[in-house]
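# Summary of the model geometry
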Amino acid sequence: MMSVVGDTSVTTAALDAMNAKLKAAKTVVVGGGGPSGVETAGEIGEMLNGAAGWFADRPAHPKAAVTLVTASDRLLPLLRPAIASQAEAMLRRVGVDVRYNTKIESVADDADGATTVHLSSATAGAAPPEPIKADAYVPAVGLAPNSGFVPAHLLDERRRVKVNAKTLRVDGAGPRVYCVGDVGDHTPHGGIPDTYSGVPVLGANMKRDCVAAAAGKEGAAVEGQDKEFTPLTKEAQIVPVGRSKGVGAIMGFKLPSILIWLIKGRTFMLEPAFFVNMTYLGNLYKKEAK
C-alpha cells in the first residue's frame, strides 16, 4: 500500500498486517520496476536476507526468495540504463531477483493466507509464466489519478486533468479552476519536484485572477503577466536500495551511492524538521516567487 485509502486507521491496519507477513515470509513478490518498487524490494530483501559480503554478489544464506516483477525491459525508466543496471546489481546483493517483461495480471488471496500472483508476458506471442505463490505481495505498480469526481470532458485518455501547461488553469472548466500535482497532464513524469515547483505558479495566477474578479475585470486584460510553469525535464531521481546504498541523478548528474544514502536512504526524507518547517508550516511558499 503506497497511499492512504480511507482514514488513517485503514492504512495503519494494512501496514501492521503486511509487516507481520513479511517477518515470516519465505517468498515475497514486489510488483513494479519504478522507484517505489525498487526501494521496497531493496528494504525487504535486506531485512530478510541481509547483504552480500565482500567480493560476493548475493547473500550467502538468504532466508527468503524476493522477486521484483516489471513489465518493462529495465528498472527505473526515468534514469539512464547504466544507472538502472547498477540498481539491479544492488538488488542482487540483498537477494532480490528481477523478472523483466512480465506483467502482473491479477492476485488472489488463498485460504492459507498466501497470495497467488498471476503473470503474463509483455512479449507478444510468449507463453504466460507460471503463477507465483507468495507469502507476501506488495503492489508498487504506479499511481491512479484521483480524478473520479472530475467531469469526463476535462480528462485525457489516462484520466488525468487537461491543464494549461503554462498557467496551470483548467481552461475547459471556466474561470478560477486550477490543477497542480500528478493528477494533471501538464508534467511528463510527475512527482514531488514538479508539484513543489507548481504551487508558486498556481498561487501567483490564482491571486491575479481573484484580484481581477474582485475589481470586476474577470476575463479582461489584467496588468502584469501570468507566472508560467516549467516542468523538470532533466534526469532527476534518487532511489535508495537497501540500508546503505542507492542510485540516482539530479539535474542530469549521476550521484554516488553514499550521497543517495545521505540525502534519502537514512530516513526516506521523512525528517520531522524538514516537513514541519517546509511543508506543514508553509515555509516553502511563505514568500511569493519572483
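For clarity, every value in this text was computed on a predicted model and none was experimentally measured. (Residues numbered from 1 in each chain as written. Predicted model: local features only at pLDDT ≥ 70, side-chain atom pairs only at ≥ 80, totals over all residues. Heavy atoms only, no water.)

## A short note on the UniProt feature "domain: FAD/NAD(P)-binding" (unreviewed entry) in the chain
Under the UniProt annotation, the feature "domain: FAD/NAD(P)-binding" (unreviewed entry) is placed at residues 15-184. Each end of residues 15-184 is marked by a C-alpha atom, and these two atoms are 29 Å apart; helix forms 22% of the span and strand 21%. (UniProt positions renumbered as here; feature names shortened; annotations may be inferred. Helix = DSSP H or I, 4+ residues; strand = E, 2+ residues; numbered from the N terminus.)

## Considering the domain arrangement of the chain
Splitting the chain by domain gives domain 1 (8-142) and domain 2 (152-224). The straight-line distance from the C-alpha centre of domain 1 to that of domain 2 is 37 Å. (Domains from an automatic or database assignment.)

## Quick look at the side chain of Thr 167
Assignment of secondary structure puts Thr 167 in the loop between β7 (136-139) and α4 (192-214). Thr 167 gets classed as buried once you look at its relative accessible area, which sits at 8%. (Buried < 20%, exposed > 50% of the residue type's maximum accessible area, 1.4 Å probe, protein only.)

## Re the environment of Ala 204
Note on placement: Ala 204 falls in helix α4. Among the residues examined, Ala 204 registers a relative accessible area of 9% and is labelled buried. Sequence separation between Ala 204 and Ala 17 is 187 residues, and the spatial gap between their C-alpha atoms is 44 Å. Those residues within four positions of Ala 204 in sequence are excluded, and the remaining contacts are Lys 227 and Glu 288. (Contact = heavy atoms within 4.5 Å.)

## What to know about helix α2 (residues 35-49)
Between the first and last C-alpha of α2 there are 21 Å, a value that for 15 residues agrees with the 21 Å anticipated at 1.5 Å per step. In terms of burial, α2 is largely enclosed, as 11 of its 15 residues are buried. Taken together, the buried positions of α2 are occupied by Gly 37, Val 38, Glu 39, Thr 40, Ala 41, Gly 42, Ile 44, Gly 45, Glu 46, Leu 48 and Asn 49. Looking one or two places after α2, you find Gly 50, whose phi comes out positive at around 75°. (Expected span 1.5 Å × (residues − 1).)

## A word on the sheet that holds strand β3 (residues 96-99)
Pairing within the open sheet is parallel, and its four strands lie in the order β3-β2-β1-β7. Either end of the sheet is taken by a strand with one partner, and the two such strands are β3 and β7. Recorded for the sheet is a direction-independent mean angle of 20° between the axes of neighbouring strands. Bridge count for strand β1 (residues 27-31) against strand β2 (residues 65-69) is five bridges, and the pairing is parallel. Considered in β2, the bridge of Gly 31 is made with Val 69. Sitting on the sheet, α2 touches β1, β2, β3 and β7, and the angle it makes with β2 is about 175°. (Pairing = 2+ DSSP bridges. Axes fitted to C-alpha atoms, helices over the stretch in contact; angles between N-to-C directions.)

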